[in-house]
Amino acid sequence: MNPSVPSEPGESGLYNRIAVLRAERGISRQDLADAMDVNYQTIGFLERGDYSPSLKLALSLAEYFSLPVEAIFSRKPFQPLSQQVYGTKPSDPEKQS
Amino acid sequence: MKTAFIFLGIRINIASRARRRWLVALIFTAFAAMDLTWFWLDGKSFVGWLLIAALIALARFIGGRTYEGGLLPSYEGGDERERIRRYYASYLAYNYVDLAFLPAILAFFILHGPDIKYASPALHLLLERLPWGLLIAAVILFYTLPQAIVLCTEPDMEPDVKEAQ
């Protein structure tokens, strides 16, 4: 399982792409937390879907990543990027082994 | 919430929830022991008063009463998740803390009523102290319960990046 794309939405009931976006840009949790003026623990809770952010924090994150809010947060699971861009489905790990 | 706090010069790591729960149990056991010690002492003696004062001051110092006071350090920047959790803990604690005062108030009314006849003077003495013992316990809960709830419910925390460096 890809740890950066939670298959379960956690306590918040929200899926998000924060971990993917952060990895893509090479930003640490601490850097993002400093930019958002929150505790770095909160970034971890957000990434795991255990915390539903305030509208202000969600908009700040969108502004920081220069993306619309709906590209970062969703009530439905996000499609993996490979599937979205190339139309390929994730391979079954059992078939591979 | 920070992953550690300093108490009497000792750095106490509270990143693990299990560890925090033990800590809360330990603190409340110590408070209960102090309350019981007062109960068996002559409550109106100098030592009795000193013990009450120390107990309440310690509870105030550890718990802080308000959602962000006390020994449990909060994030300096005013983290929104932490604020919400502390507000909720205060709401939960003060929703029920009146239940801690009720037994003390009831005991005052019942045990200090004019028509109570006691079987023995020793029993009379013990029952006379009971409302005060309950009242002290209620005051301790009033000061400490919100932070105890935060400590017991916050999930395991990741190691503090800044402190690890």
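Source: prediction; values computed, not measured.

1. Considering the overall build of chain B
So, point 1. Summing up its helical and strand segments, chain B has five helices and two strands in all.
So, point 2. Going residue by residue from the N terminus, the α and β elements of chain B occur as β-β-α-α-α-α-α.
So, point 3. The buried share of chain B, taken over its 165 residues, is 36%.
So, point 4. Excluding contacts between residues fewer than 6 apart, the proportion of contacts in chain B whose partners are at least 24 apart in sequence is 70%.

2. Regarding the pattern of salt bridges
So, point 1. With the rule as written, the count across this model stands at nine salt bridges over all chains.
So, point 2. Between Glu154 of chain B and Arg81 of chain B there is a salt bridge, and its shortest N-O distance comes to 2.8 Å. Remark: Arg81 of chain B occurs in helix H3 (residues 80-111) and Glu154 of chain B occurs in the loop between helix H4 (121-153) and helix H5 (161-164); sequence separation between them is 73 residues.
So, point 3. Owing to a relative accessible area of 6%, Arg81 of chain B belongs among the buried residues under this scheme.
So, point 4. Several salt bridges converge on common partners, so that one network encompasses Arg22, Arg29, Glu47, Arg48 and Asp50 of chain A together with Glu158 of chain B.

3. What about helix H2 (residues 29-36) of chain A?
So, point 1. Along H2 of chain A, the residues that are buried comprise Gln30, Leu32, Ala33 and Met36 of chain A. The buried residues of H2 of chain A occupy an angular sector of 165° when projected down its axis, which confines them to one face.

4. Quick look at empty space enclosed by the protein
All names here are of chain B.
So, point 1. All chains considered together, the criterion is met by three cavities of 30 Å³ or more.
So, point 2. Volume-wise, the largest cavity comes out at about 130 Å³.
So, point 3. Lining the largest cavity are 13 residues; nearest its centre among them are Ile27, Ile62, Gln147, Ala148 and Leu151.
So, point 4. Sorting the residues of the lining of the largest cavity by element identifies helix H1 (17-40), helix H2 (46-63) and H4 as the ones contributing at least two each.
So, point 5. Size it by volume and the second largest cavity reaches roughly 40 Å³.

5. Things to note about a nonpolar patch on the surface
So, point 1. Taken together, the side chains of Ile105, Leu106, Phe109 and Ile110 of chain B present a nonpolar region at the surface, about 440 Å² in accessible area.
So, point 2. Structurally, Ile110 of chain B is set in helix H3.

6. Structural notes on the confidence of the model for chain B
So, point 1. When the pLDDT values of chain B are averaged, the result is 81; 85% of them are 70 or greater.
So, point 2. Our summary of model confidence lists the complex with pTM equal to 0.77 and ipTM equal to 0.72.

7. Description of H1 of chain B
All names here are of chain B.
So, point 1. Here H1 contains 24 residues, and its C-alpha end-to-end distance of 35 Å stays within 8% of the 34 Å for a straight helix at 1.5 Å per residue.
So, point 2. Every buried residue belonging to H1 is among Arg20, Leu23, Val24, Phe31, Asp35, Trp38 and Phe39, and all of these are buried.
So, point 3. Tucked inside the fold, the buried residues of H1 contact strand E1 (4-7), strand E2 (10-13), H2 and H4.
So, point 4. Capping the start of H1, Ser16 holds a side-chain oxygen 3.3 Å from the backbone nitrogen of Ala18, two or three residues further along.

8. Remarks on the environment of Val85 of chain A
So, point 1. Its place among the elements puts Val85 of chain A in helix H6 (residues 81-86).
So, point 2. C-alpha of Val85 of chain A to C-alpha of Arg17 of chain A: the two residues are 68 residues apart in sequence and 16 Å apart in space.

9. Focus: the nonpolar core
So, point 1. Residues Met1 and Ile14 of chain B are the most contacted members of the largest nonpolar core, which totals 28 residues.
So, point 2. Elements that contribute at least two residues to this core include exactly H1, H2, H3 and H4 of chain B.
So, point 3. Residue contributions to this core peak at eight residues, all from H4 of chain B.
So, point 4. The next biggest cluster of nonpolar side chains, apart from the first, holds 20 residues, and it includes Ile27, Leu32, Ala58 and Leu61 of chain A.

10. A closer look at the packing of aromatic side chains
So, point 1. The final tally for this structure, using the stated rule, is six aromatic pairs over all chains.
So, point 2. Aromatic rings pair up to connect Tyr94, Phe142 and Tyr143 of chain B into one cluster.
So, point 3. Sitting over the face of the ring of Phe45 of chain A, Arg48 of chain A holds its NZ or CZ atom 5.0 Å from the ring centroid.
So, point 4. Seen from the ring of Phe45 of chain A, Arg81 of chain B lies directly overhead, with NZ or CZ sitting 3.5 Å from the centre.

The rules we used
Residues numbered from 1 in each chain as written. Chains lettered and ligands numbered in written order. Predicted model: local features only at pLDDT ≥ 70, side-chain atom pairs only at ≥ 80, totals over all residues. Heavy atoms only, no water. Helix = DSSP H or I, 4+ residues; strand = E, 2+ residues; numbered from the N terminus. Buried < 20%, exposed > 50% of the residue type's maximum accessible area, 1.4 Å probe, protein only. Contact = heavy atoms within 4.5 Å. Salt bridge = Lys/Arg side-chain N within 4 Å of Asp/Glu carboxyl O. Arc of directions from axis to C-beta. 1 Å grid on protein atoms, 1.4 Å probe; cavity = no way out; pocket = protein on both sides within 12 Å on 5 of 7 lines; lining within 4 Å. Points joined across faces, edges and corners; volume = space filled by probe spheres on them. Patch = residues over 30% accessible without salt bridge, like charges linked within 9 Å, V, L, I, M, F, W, Y side chains within 5 Å. Areas by Shrake-Rupley, 256 points an atom, 1.4 Å probe, with all protein chains shown as cover. pLDDT = per-residue confidence, 0-100. Expected span 1.5 Å × (residues − 1). Polar contact = N/O pair within 3.5 Å; in protein donor to acceptor, adjacent residues only side chain to side chain. Core = buried A, V, L, I, M, F, W, Y, C linked by side-chain atoms within 4.5 Å. Phe/Tyr/Trp six-rings, centres within 6.5 Å; stacked < 30°, edge-to-face > 60°. Lys NZ or Arg CZ within 6 Å of the ring centre and 35° of its normal.

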